[in-house]
Structures are given as structure tokens and as C-alpha cells.
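Chain by chain, the residues run as shown.
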Amino acid sequence: MSWTKESLIAAAREAASKAYAPYSNFHVGAALGFADGSVVTGANVENASYGLTLCAETVAVGKALSEDWRGRLEAVAVVGGKAGALGAGDPVTPCGRCRQVLNELAALGESDPQVWCVGEAEVLELRLSDLLPQAFGPGALA
Ligand code: THU
């Protein structure tokens, strides 16, 4: 693996700098680390029709799945915060929809990725299965 916990968090931070979030001013970056060493990032993309907003994690998963098959998802880093205060405050945990979207990607590679949620005082270290127990996934449709 060519990425580390620190580099994945740094990639999420860098991704957050590209957020399009003029309505909430809350910038989020996500970085997906795959077993083949590749990293795919995403940032939140808001819309004047607020409910159409795409979260950073969802953008990253969309990029990963639409560009190439990246194999086993090992880890996800998420960093967020108000513009100019990225990573300040409590760790940002993926929203419910993003947990489900991440679960699809994880299920494809049969992994239970680490999820590193970055906050000011701590990095919360979780597994996707902690965030989304009893998940509904592709296996249910097999
Ligand atoms: N947001 C994310 O990008 N990921 C999350 O997991 C939580 C929320 C974004 C959506 C919206 O643009 C902003 O944060 C405020 O909710």
C-alpha cells in the first residue's frame, strides 16, 4: 500500500479545499484508500436546490466506481469544517446516506474498511460496520 493513515487524511484535507459549498460554507473532503495503493478523493458539491447536494464521500465513491474498478476498499478518511476552520471541532462522521453508499463499494471488495473521522482533538477510528450495522447490500439481491 502506498498510502498511510496520515497521507489519506492529508488527501481528504486537500480534497476539502475543492469543495463547492456556497450555501452551508461547510467544506468536506473524503479520501478512499484501496488495497492496490490507489487513492480516490471527493469533496461536497452543493446545489441551489439544497436537497440535491452531494456529500464528499458520495462524490468519491462515484468517481471510484465510474472511472475504474479499484478493488478492495481498505480505509476512508473524512475531514470537514466551516470554511477557514477545516478539521476544527468534533470529528465529521459520514451521514447516513454516505454510509450506505460506502457500503456498496466495500461489499464489492468484501471489506469492512476503517473510517477515520478527523476532529480537532482526536481522529475517531471506526469500522464501516460500526457506522452501519446490519447493512443492506448487494448480497441481499443475489
Ligand atoms: N456533508 C458531507 O459532504 N459529508 C457528510 O458526511 C456530511 C455532510 C456535507 C453536505 C453539505 O454540503 C455540508 O456538508 C453541510 O451539511
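Reference entry: report on the structure contained in this document. Remember, it's a predicted structure, so these values are computed and weren't measured experimentally.

This part covers the site of the ligand. Neighbouring residues of the ligand: S24, F26, V28, N44, E46, T53, C55, A56, E57, T93, P94 and C95. At a separation of 2.9 Å, an oxygen atom of the ligand approaches a polar backbone atom of A56. Taking C95, its main chain carries an N or O atom lying 3.0 Å from an oxygen atom of the ligand. In isolation the ligand offers 370 Å² of accessible surface; the protein chains occlude 78% of this area. In the shell around the ligand, the residues fall into 6 nonpolar, 4 polar and 2 charged.

Take G96: it is sitting in helix α3 (residues 96–108). Sequence separation between G96 and C55 is 41 residues; the distance between their C-alpha atoms is 11 Å.

Let us look at the sheet that holds strand β2 (residues 39–43). Strand order in the open sheet made by the 5 strands is β2-β1-β3-β4-β5, with mixed pairing throughout. Among the strands making up the open sheet, the edge pair consists of β2 and β5 (123–127). Neighbour-to-neighbour, the strand axes of the sheet open up by a mean angle of 15 degrees, direction not taken into account. Strand direction decides the pairing type here: strand β3 (residues 73–82) and strand β4 (residues 114–118), joined by 4 bridges, are parallel. Note on β4: the bridge partner recorded for V76 is V115. Along the sheet, helix α2 (residues 56–67) contacts β1 (26–34), β2 and β3; its crossing angle with β2, the most-contacted strand, is approximately 135 degrees. Contacts from α3 reach β1 and β3 within the one sheet, and its direction differs from that of β3 by about 160 degrees.

Here is what the cut-offs are and how they apply
- Residues numbered from 1 in each chain as written.
- Predicted model: local features only at pLDDT ≥ 70, side-chain atom pairs only at ≥ 80, totals over all residues.
- Heavy atoms only, no water.
- Near = heavy atom within 4 Å.
- Polar contact = N/O pair within 3.5 Å; in protein donor to acceptor, adjacent residues only side chain to side chain.
- Areas by Shrake-Rupley, 256 points an atom, 1.4 Å probe, with all protein chains shown as cover.
- Nonpolar A, V, L, I, M, F, W, Y, C, P; charged D, E, K, R; others polar.
- Helix = DSSP H or I, 4+ residues; strand = E, 2+ residues; numbered from the N terminus.
- Pairing = 2+ DSSP bridges.
- Axes fitted to C-alpha atoms, helices over the stretch in contact; angles between N-to-C directions.
- Contact = heavy atoms within 4.5 Å.

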